[in-house]
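In case you want the letters, here they are:
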Amino acid sequence: MMISQRSASFLSILLACASAVGLAVGIVAYPVSGATLPANNDIFISRSCIISKSPVTVTLLPIHSLVSGDSAIFSGSIRNSALAPVTDGSLVIRIEKIAQSQGSFYAKTPDVVYRAVPFTNIQVLGGASIPFSFAWKVPAELVSGTYKASTFLISSGELELAGAEQSDRETGASTLFTVTSSASRASFIDPSSIRVNEKPLDPNRMLSLSASRSATTTLSLISTDMTTHGASISWKVYRSNVIDDSQLVSSVDQDIRFVSGKAAASFAIPALADPLYHVLVEMKDGGKNSYYSYRIFNRDAPYATFISLSLGSFPLEKGKVVKVSGCAFTDHAIAEDRDYLVHLSLLKPDGSVFADIGTLSGISVSGFSGFLTPDADYSGDLILKGDILKASSTIENARVLYSLSRHGEAGSVPSTAALSFIVIVSATLVYALSVRISRTKAHIKKI
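The shown structure was predicted, so the numbers you read here are calculated from the model rather than taken from an experiment.

Further remarks concern the overall build of the chain. The helix and strand tally for the chain stands at 2 helices and 30 strands. Within the chain, counting contacts between residues at least 6 apart in sequence, those at least 24 apart form 75% of the total. When the accessible surface of the chain is split by element, carbon and sulfur atoms take 53% of a total near 18400 Å².

Turning our eyes to something else, we now look at the nonpolar core. If you look at the biggest cluster of nonpolar residues, it comprises 36 residues, and the most contacted ones within it are Phe74, Ile78, Ile95, Trp136, Leu153 and Phe177. Every element with two or more residues in this core is listed here: strand E3 (56–60), strand E5 (71–80), strand E6 (86–97), strand E7 (111–124), strand E8 (129–137), strand E9 (145–155), strand E10 (159–162) and strand E11 (173–180). Residue contributions to this core peak at 6 residues, all from E7. The next biggest cluster of nonpolar side chains, apart from the first, holds 30 residues, and it includes Ala84, Val322, Ala355 and Leu360.

Before going further, it helps to spend a moment on the environment of Ile78. Along the chain, the position of Ile78 falls in strand E5. Note: C-alpha distance between Ile78 and Val58 (20 residues apart in sequence) is 4.6 Å. Those residues within four positions of Ile78 in sequence are excluded, and the remaining contacts are Val56, Thr57, Val58, Ile122, Val124, Ala128, Ser129, Ile130, Phe132 and Leu153.

Under the criterion given, the structure shown has 2 cavities of 30 Å³ or more. Within this model, the largest cavity holds a volume of roughly 40 Å³. Lining the largest cavity, in full, are Val92, Arg115, Phe152, Ile154, Glu160, Glu165, Asn241, Val242 and Ile243.

Most of E9 is tucked away, with 9 of its 11 residues classed as buried. Judged from the 9 bridges that link them, E6 and E9 form a sheet pairing that is antiparallel. Each residue of the ladder has a partner; that of Leu91, found in E9, is Leu153. In terms of strand pairing, E9 meets E11 through 7 bridges, oriented antiparallel. Within E11, the residue paired with Lys148 across the bridge is Leu176. Bridge count for E9 against E10 is 3 bridges, and the pairing is antiparallel.

With that settled, consider the side chain of Asn298. Examined against the element boundaries, Asn298 turns out to sit in strand E21 (residues 288–298). You can call Asn298 buried: its relative accessible area is 1%. At 3.4 Å, the side chain of Asn298 and the backbone oxygen of Asp274 are in polar contact. At 3.0 Å, the side chain of Asn298 and the backbone nitrogen of Asp300 are in polar contact.

On to the packing of aromatic side chains. A complete count under the given rule lists 12 aromatic pairs for this structure. Relative to Phe134, the ring of Phe74 lies with its centre 5.2 Å away and its plane at 10 degrees, an arrangement referred to as stacked. One end of the pair, Phe74, is in strand E5; the other, Phe134, is in strand E8, and 60 residues separate them in sequence. Aromatic side chains Tyr106 and Phe188 sit 4.5 Å apart centroid to centroid with 35 degrees between the ring planes, which places their arrangement in the tilted category. Placement of the pair is Tyr106 in the loop between E6 and E7 and Phe188 in strand E12 (residues 187–189), with a sequence separation of 82 residues. Accessibility assignment for this pair places Tyr106 and Phe188 in one class, buried. Among the aromatic residues, those joined into a ring-pair cluster are Phe74, Tyr114, Phe134, Trp136, Tyr147 and Phe177. The ring of Tyr106 carries the charged tip of Lys97 above its face, separated from the ring centre by 4.4 Å.

Turning next to the pattern of salt bridges. In this structure the tally under the stated criterion is 9 salt bridges. Among the ionic pairs, Asp111 bridges to Lys288, the shortest N-O distance being 2.7 Å. Residue Asp111 is found in strand E7, and its partner Lys288 is found in strand E21; the two are separated by 177 residues along the sequence. Measuring nitrogen to oxygen at the nearest pair gives 3.7 Å for the salt bridge that ties Asp225 to Arg185. Of this pair, Asp225 sits in the loop between strand E16 (215–223) and strand E17 (229–238) while Arg185 sits in the loop between E11 and E12, and the two are 40 residues apart along the sequence. Here the residues in one salt-bridge network are Arg185, Asp225 and Asp285, joined through shared partners.

Criteria and thresholds
Residues numbered from 1 in each chain as written. Predicted model: local features only at pLDDT ≥ 70, side-chain atom pairs only at ≥ 80, totals over all residues. Heavy atoms only, no water. Helix = DSSP H or I, 4+ residues; strand = E, 2+ residues; numbered from the N terminus. Contact = heavy atoms within 4.5 Å. Areas by Shrake-Rupley, 256 points an atom, 1.4 Å probe, with all protein chains shown as cover. Core = buried A, V, L, I, M, F, W, Y, C linked by side-chain atoms within 4.5 Å. Buried < 20%, exposed > 50% of the residue type's maximum accessible area, 1.4 Å probe, protein only. 1 Å grid on protein atoms, 1.4 Å probe; cavity = no way out; pocket = protein on both sides within 12 Å on 5 of 7 lines; lining within 4 Å. Points joined across faces, edges and corners; volume = space filled by probe spheres on them. Pairing = 2+ DSSP bridges. Polar contact = N/O pair within 3.5 Å; in protein donor to acceptor, adjacent residues only side chain to side chain. Phe/Tyr/Trp six-rings, centres within 6.5 Å; stacked < 30°, edge-to-face > 60°. Lys NZ or Arg CZ within 6 Å of the ring centre and 35° of its normal. Salt bridge = Lys/Arg side-chain N within 4 Å of Asp/Glu carboxyl O.

Read these as geometric descriptors, not functional statements.
Below is the structure:
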């Protein structure tokens, strides 16, 4: 696949439009010229898709003013209005200083000062809501100003349910607040200084490069404290639009030194083997952190991804048709190559096939839909698996877990961040635990 600058720009527009992705229920579809069906199709696809609205929403209660040193409590809720549960979700929290129109260079520079994943293994049953709360101690090193707390909800480390972290515009939920502080020193990453192979990033914080070249990033860091002192910087590289530990491919820590208020750092990806790299940079200077993320596309590698993938309802009921829908994106080269296929299946936790839903070609930016008719009730764990293949080789896949058994508090919650996480279970959606595992028939209908 060759990702041209035009294709990369198209991708950025798509991601901006479809960043509030999720387990899609409503899909608005438009015709795509030239799309075809395989001879033995089980899934219908000849349309592109735009996600109209995610059925999963996050709310964040407002906090108006804080003082440095305060322990702020942020509270909110996650609501799932779909008929199928959200399983294995993670909630990302990001806090950034808002750029002002006037004042010093730092005052006019946006700066992400905090990023954490306080909740993982989130389970929200269909039609249910869960409240959450987390604590954040305002660092004494933060300067006075206006800040924004934002949330991003992802599923299985792969799909964005509410908000898109790579976008500066799309969040699951956000709230503005002010910080009052006596601090005058600020250390931060200068976004305007970032270069990849001496080229600036585009407005969507990304760059497309050839696989024959390494990707070397250089950047400047600024401290309004003119003293000579040390700090540290880390570079984490992910092979996905989603920043999640399950997608981490490398991590490098470096020591830096500020001299006369300036420091510099560089990092190289020696060979662009994967189609996409998402790089997260974190600077630590005492109690002050600064974050920046950007993406590098390998224009010589096939790029394809699932934007959404979902079951229309879960658990399965005998004789009740279940819609399987989603949206896949590739660049134009793959879209015009009929050797690329999408295959969908339902798996049991042990990896055995519960239902083979079908295969399709001509994917482009495409909405697809298949249908299942179970011949018995089933409420055991299932995994909806999507594969994008060429010549029987998988170049990208996504897995979405469906489970009614994983209730309780979210796991892996840092003690410094989490106060509580209460799961509310809709009793009307709890089915009998004893069900018969049976063969499921898959068939096809048009969208």
